Amino acid sequence: MTNATLKHSLGQLKKQGIRITPQREVILNYLITHHNHPDVETIRNGIEDKLPNLSVATIYNTLRMLVDNGIVIELPNNDGGIRYDYFGVPHYHAICENCGKIIDIFDDDYPDLVKHVQQTTREKTDFLVTGTQMEVTGICPDCQRKLHLAKLSNR
């Protein structure tokens with residue numbers, strides 16, 4: 001699956017006329033195979049053995065190109081930094097308000113939910129919607145245990 005996912009995403013980039021360099025392929029493969037929503041430093045550390053002399057600027061430029069082409073999304077975090085997520089399979093996120101952990105939520109109904117939100121936004125505001133990212137915030141199970149919180153029921 002991962003190799004097919006990488007090939008598919010690289011094919012999308014090629015269709016856009018984007019040259020596939022070894023650096024771009026390694027960075028994209030890291031994002032596809034790691035669901036840790038990494039920042040640039042984490043990506044750099046994660047690919048250092050494959051590309052030891054890769055500059056941080058090249059990583060930033062590659063991420064910008066992947067974001068601009070809709071293959072990767074940016075996730076702002078609590079400290080003002082940016083984390084990155086492969087978005088080849090659309091999904092939304094549950095974000096812990098205590099520790100900042102981000103969990104991918106894959107749901108078959110997600111595309112219909114996004115369409116509904118976009119359509120409603122257009123109808124109520126005449127807003128030209130160019131994209132949608134959805135987040136749910138709360139307290140993750142680990143933090144609930146650490147904070148001695150009972151599981152919160154649906155409100």
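Cut-offs used in this document
- Residues numbered from 1 in each chain as written.
- Predicted model: local features only at pLDDT ≥ 70, side-chain atom pairs only at ≥ 80, totals over all residues.
- Heavy atoms only, no water.
- Helix = DSSP H or I, 4+ residues; strand = E, 2+ residues; numbered from the N terminus.
- Buried < 20%, exposed > 50% of the residue type's maximum accessible area, 1.4 Å probe, protein only.
- Contact = heavy atoms within 4.5 Å.
- Salt bridge = Lys/Arg side-chain N within 4 Å of Asp/Glu carboxyl O.
- Pairing = 2+ DSSP bridges.
- Axes fitted to C-alpha atoms, helices over the stretch in contact; angles between N-to-C directions.
- Parallel < 35°, antiparallel > 145°, perpendicular 65-115°, else oblique.
- Left-handed = near helix turned anticlockwise from the far one by under 90°.
- Nonpolar A, V, L, I, M, F, W, Y, C, P; charged D, E, K, R; others polar.
- Core = buried A, V, L, I, M, F, W, Y, C linked by side-chain atoms within 4.5 Å.
- Domains from an automatic or database assignment.
- Buried area = accessible area lost by both parts, 1.4 Å probe.

In the annotation of an unreviewed UniProt entry, the entry for the chain reads Transcriptional repressor, and the organism field reads Lentilactobacillus kefiri.

Overview of the overall build of the chain
Check the secondary structure of the chain and you find 6 helices and 5 strands. By principal-axis analysis of the C-alpha atoms, the chain measures approximately 50 × 45 × 30 Å. Taking all 155 residues of the chain together, 32% fall into the buried category. Pairs at least 24 residues apart make up 44% of the contacts formed inside the chain by residues separated by at least 6 positions.

Regarding the pattern of salt bridges
For the structure on display, the rule yields 5 salt bridges. Across the salt bridge formed by R64 and E74, the nearest N and O atoms sit 2.6 Å from each other. With R64 in helix 4 (residues 56-68) and E74 in strand 1 (residues 72-76), the pair connects residues that are 10 residues apart, well separated along the chain. On the accessibility criterion, R64 (38% relative accessible area) is partly exposed.

Comments concerning the sheet that holds strand 4 (residues 102-105)
Here 3 strands make up an open sheet; going across it, the order is 4-3-5 and the pairing mixed. What marks the edges here is a single partner per strand, and that holds for strand 4 and strand 5 (135-138). On average, adjacent strands in this sheet sit at an angle of 25° to one another, irrespective of strand direction. Across 4 bridges, strand 3 (residues 92-96) lies against strand 4 in antiparallel orientation. Across the sheet, H93 pairs through a bridge with D104, a residue of strand 4.

Considerations on the packing of helix 1 (residues 2-15) against helix 2 (residues 22-33)
At a minimum axis distance of 10 Å, the contact between helix 1 and helix 2 shows a crossing angle of 130°. Relative to helix 2, helix 1 is oriented oblique. Crossing angle aside, the handedness with which helix 1 passes helix 2 is right-handed. Along the contact surface, helix 1 presents T2, T5, L6, S9, L10 and L13, while helix 2 presents E25, L28, N29, I32 and T33.

Topic: the packing of helix 2 against helix 3 (residues 40-47)
Taken N-terminus to C-terminus, the directions of helix 2 and helix 3 make an angle of 105°; their axes are 10 Å apart at the nearest point. For the element pair helix 2 / helix 3, the angle class is roughly perpendicular. For the pair helix 2 and helix 3, the contacting residues are V26, I27, Y30 and L31 in the first and T42, I43, G46 and I47 in the second. Looking at the contact of helix 2 with helix 3 residue by residue, the class counts come to 6 nonpolar, 2 polar and no charged.

A word on the nonpolar core
Of all hydrophobic cores here, the largest spans 24 residues; its most connected members are I27, L28, L31 and I43. Contributions of two or more residues to this core are made by helix 1, helix 2, helix 3, helix 4 and strand 2 (82-86). Broken down by element, this core gets its largest block of residues, 6 residues, from helix 2. Judged by nonpolar contacts, the second largest core, of 8 residues, contains L75, I102, Y110 and V114.

Observations regarding the domain arrangement of the chain
As assigned here, the chain comprises domain 1 (1-86) and domain 2 (91-147). Using C-alpha coordinates to define each centre, domain 1 is positioned 22 Å away from domain 2. Counting residues at the interface gives 9 residues for domain 1, matched by 9 residues for domain 2. Of the roughly 710 Å² buried between domain 1 and domain 2 on both sides combined, carbon and sulfur atoms contribute 47%.

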